[in-house]
Amino acid sequence: MARIDNVLYTGRTLTRGGRNGSTRSDDGRLDLALTPPGAAGAGSNPEQLFAAGWSACFIGAMGKAAQRLGHTLPADVSVAAEVDLGTGPDGYALQARLTISLPGLERAVAQTLVEAAHATCPYSKATRGNIDVTLTVA
């Protein structure tokens, strides 16, 4: 298990009503209605929020890797994250696919940055060995 010696930031939310409720951060910057996946109407769901958080964190991890390795991320870097909710032998489970676009970088450099980011991104670390993850350099 990963251990934290120095807390850099704590995200705080209060969720009421689960998938049919709402979630709000303590600073008010996040204030969302929640709906089950595929439901009509306004609102997001935990899978979308997880995908958004992971993709943003992954881009940050690639930026750190690029700095360390003497490269620059392209301004139009993107990560398309897909998080599936499904069922398996042990009940409900997740799986994910990240499609990474690093326009203008040589494929070998892009692949190196993606692998380095996957090794250091906290979301990648949290999911490693727990869910199926597919990484694709577009």
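Structural data are supplied above this passage.
Heads up: these notes are all about the structure in this document.

Here the focus is the side chain of Glu47. Along the chain, Glu47 falls in helix α1 (residues 46-69). Setting aside residues up to four positions removed in sequence, Glu47 forms contacts with Arg19, Pro37, Val83, Leu85 and Leu94.

Moving on: the pairing of strand β5 (residues 91-101). One ladder, built from 11 bridges, connects strand β4 (residues 78-88) with β5; its direction is antiparallel. Paired with Leu85 across the strands is Leu94, a residue of β5. Direction of pairing for β5 relative to strand β6 (residues 132-137): parallel, over a ladder of six bridges. Within the sheet, the bridge partner assigned to Ala96 lies in β6 and is Val133.

Note that His118 resides in helix α2 (residues 107-120). Its relative accessible area of 18% is what places His118 among the buried residues. The residues touching His118, leaving out its near neighbours within four places in the chain, are Phe58, Ser124, Arg128, Val133 and Leu135.

Backbone-to-backbone hydrogen bonds pair the strands of a sheet. The strands run either parallel or antiparallel. The sheet built from three strands is open, its strands ordered β1-β2-β3 with antiparallel pairing. Looking at which strands have only one partner, the edges of the open sheet turn out to be β1 (13-16) and β3 (31-33). For this sheet, the mean inter-axis angle between neighbouring strands, taken without regard to orientation, is 10°. Strand direction decides the pairing type here: β1 and strand β2 (residues 22-25), joined by four bridges, are antiparallel. In the strand pairing of β2, Leu14 is matched with Arg24.

About the criteria used
- Counting restarts for each chain, with residues numbered from 1 along the sequence as it is written.
- With pLDDT at 70 or above as the cut-off, local features in this predicted model cover only qualifying residues; side-chain atom pairs require 80 or more to be listed or tallied, and sums for whole chains, interfaces and linings still use all residues.
- Water and hydrogen atoms were dropped before computing side-chain values, which therefore reflect all heavy atoms in the structure.
- Segments assigned H or I by DSSP are reported as helices when at least four residues long, segments assigned E as strands when at least two residues long, and all are numbered from the N terminus.
- The contact criterion used is simple: two residues touch if any of their non-hydrogen atoms lie within 4.5 Å.
- Any two strands with at least two DSSP-identified bridges between them are counted as paired.
- Note on exposure labels: buried denotes an accessible area under 20% of the residue type's maximum, exposed denotes more than 50%, and partly exposed covers the range between, all computed with a 1.4 Å probe on protein chains only.
- Interaxial angles span 0 to 180 degrees and are taken between N-to-C directions of axes, which are lines fitted to C-alpha atoms, for helices over the stretch in contact.

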